[in-house]
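# Coordinate analysis (summary)
Each chain, written out:
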Amino acid sequence: EAAVTQSPRSKVAVTGGKVTLSCHQTNNHDYMYWYRQDTGHGLRLIHYSYVADSTEKGDIPDGYKASRPSQENFSLILELASLSQTAVYFCASSGPLGGRNTGQLYFGEGSKLTVL
Amino acid sequence: GDSVTQTEGLVTLTKGLPVMLNCTYQTTYSPFLFWYVQHLNEAPKLLLKSSTDNKRTEHQGFYATLHKSSSSFHLQKSSVQLSDSALYFCALRRNNNNRIFFGDGTQLVVKP
């Protein structure tokens, strides 16, 4: 079974502070994603990455930066956390489509961020 | 552009009844469709997937058929259980892109 682990699982931050959410995958997947979920709502893509040392903007990148220093690790950085960034953040990885690969997402357990 | 539409935000049913959650999509490329289920305070996990036109796929009592003619991939179950209460997402991935497009999700609530 594919494995994606996130840390921290829960964090309380102060407005204006810096927050780093980390994600580590052992799936040997090239593709990694950061999603945001507000309570009871859908998943919105923040940033994603196809390869180490490269990141792409998703649908809601404002206020977030991403870093992919290696194939296994993908971080989400909030330089100046704001109240509106209170949410649950999910990291996910996937392989390519084709052959035996279905291209499904494997999600981490989520990081609950509360900004006060 | 590519998109996924789930028309129901909330579906409330009594245990034992059938359910169908709607999913339609837009893309000009060859699509891969997925259903993910998310139980309360858990991560989403894959429920079903398909890229084959008109072929029914099944898992854990749920089933769906990809119909490219109508751009649909509706999720069905013949008899819902209390444990099926969850948030269900339909998702699209096209064969030449690594972006995955999610619908807004349908909250299924099953009552005794």
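This is a predicted model, so every value here is computed, not measured. (Residues numbered from 1 in each chain as written. Chains lettered and ligands numbered in written order. Predicted model: local features only at pLDDT ≥ 70, side-chain atom pairs only at ≥ 80, totals over all residues. Heavy atoms only, no water.)

### A word on the overall build of chain B
Scanning chain B for helices and strands turns up zero helices and twelve strands. Scanning chain B from its N terminus toward the C terminus, one meets helices and strands in the order β-β-β-β-β-β-β-β-β-β-β-β. Relative to a compact globule of 112 residues, whose C-alpha radius of gyration would be 13 Å, chain B shows 13 Å and is just as compact. Taking the principal axes of the C-alpha coordinates as reference, chain B spans close to 45 × 30 × 20 Å. Counting over 112 residues, chain B shows a buried share of 50%. Counted over contacts in chain B with a minimum sequence separation of 6, partners at least 24 positions apart contribute 54%. Carbon together with sulfur atoms contributes 47% to the accessible area of chain B, which is approximately 5300 Å² in total. Computing the positive centroid from 11 side-chain charges and the negative centroid from 7, chain B places the two 4 Å apart. (Helix = DSSP H or I, 4+ residues; strand = E, 2+ residues; numbered from the N terminus. Rg over C-alpha atoms; globule rule 2.2 N^0.38 Å. Buried < 20%, exposed > 50% of the residue type's maximum accessible area, 1.4 Å probe, protein only. Contact = heavy atoms within 4.5 Å. Areas by Shrake-Rupley, 256 points an atom, 1.4 Å probe, with all protein chains shown as cover. Lys, Arg positive; Asp, Glu negative; His and termini not counted. Charge placed at Lys NZ, Arg CZ, Asp CG, Glu CD.)

### Considerations on the interface of chain A and chain B
Residue-level contacts link 24 residues of chain A with 20 residues of chain B. Buried area between chain A and chain B, both sides added, is near 1800 Å², and the carbon and sulfur share of it is 60%. In this structure, the connection of chain A to chain B is made through six residue pairs in polar contact (both at pLDDT 80 or more). If you list the elements that add at least two residues to the side of chain A that touches chain B, you get strand 4 (31-37), strand 5 (43-51) and strand 9 (87-94) of chain A. Its residues assigned to classes, the side of chain A that touches chain B shows twelve nonpolar, ten polar and two charged. (Buried area = accessible area lost by both parts, 1.4 Å probe. Polar contact = N/O pair within 3.5 Å; in protein donor to acceptor, adjacent residues only side chain to side chain. Nonpolar A, V, L, I, M, F, W, Y, C, P; charged D, E, K, R; others polar.)

### Focus: the layout of surface pockets
Here the largest pocket is characterised by a volume of approximately 570 Å³. Around the largest pocket sit 24 residues that line it, and Gln37 and Val88 of chain A together with Gln38, Leu40 and Asn41 of chain B are the ones nearest its centre. Elements with a minimum of two residues in the lining of the largest pocket: strand 9 and strand 13 (111-115) of chain A together with strand 10 (86-94) of chain B. Among the elements that line the lining of the largest pocket, the one with the most residues is strand 13 of chain A, at four residues. A breakdown of the residues in the lining of the largest pocket according to their chemical character gives seven nonpolar, twelve polar and five charged. (1 Å grid on protein atoms, 1.4 Å probe; cavity = no way out; pocket = protein on both sides within 12 Å on 5 of 7 lines; lining within 4 Å. Points joined across faces, edges and corners; volume = space filled by probe spheres on them.)

### Let's talk about the sheet that holds strand 3 (residues 19-21) of chain B
Residue and element names in this part refer to chain B. Strand order across the open sheet formed by four strands is 3-9-8-7, with antiparallel pairing between neighbours. Two strands close off the open sheet at either side, each with one partner strand: strand 3 and strand 7 (56-59). Within the sheet, the average angular offset between the axes of one strand and its neighbour, ignoring direction, is 20 degrees. Direction of pairing for strand 7 relative to strand 8 (residues 62-65): antiparallel, over a ladder of four bridges. Bridging across to strand 8, Thr57 finds its partner in Ala64. (Pairing = 2+ DSSP bridges. Axes fitted to C-alpha atoms, helices over the stretch in contact; angles between N-to-C directions.)

### Topic: the sheet that holds strand 7 (residues 65-67) of chain A
Residue and element names in this part refer to chain A. Spatially, four strands are ordered 1-3-8-7 in an open sheet, and the strand pairing comes out antiparallel. Each edge of the sheet is formed by a strand with only one pairing partner; in this case those strands are strand 1 (4-7) and strand 7. Strand-to-strand twist of the sheet, defined as the mean angle between neighbouring strand axes without regard to direction, takes the value 20 degrees. Alignment of strand 3 (residues 19-25) against strand 8 (residues 73-78), held across six bridges, turns out to be antiparallel. Paired with Cys23 across the bridge in strand 8 is Phe74.

### With respect to the packing of aromatic side chains
Counted according to the given criterion, the structure contains 15 aromatic pairs over all chains. Taking the centre distance of 5.6 Å and the plane angle of 45 degrees together, the rings of Phe62 of chain B and Tyr88 of chain B count as tilted. Within this pair, whereas Phe62 of chain B is found in strand 8, its partner Tyr88 of chain B is found in strand 10, the two being separated by 26 residues in sequence. Here the two residues Phe62 of chain B and Tyr88 of chain B agree in accessibility, since each one is buried. Clustering of aromatic rings is evident, with ring pairs tying together Tyr31, Tyr33, Tyr35, Tyr48, Tyr50, Phe90 and Phe107 of chain A together with Phe34, Tyr36, Phe89 and Phe102 of chain B. It is Arg56 of chain B that lies over the ring of Tyr63 of chain B; its NZ or CZ is 3.7 Å from the centre. (Phe/Tyr/Trp six-rings, centres within 6.5 Å; stacked < 30°, edge-to-face > 60°. Lys NZ or Arg CZ within 6 Å of the ring centre and 35° of its normal.)

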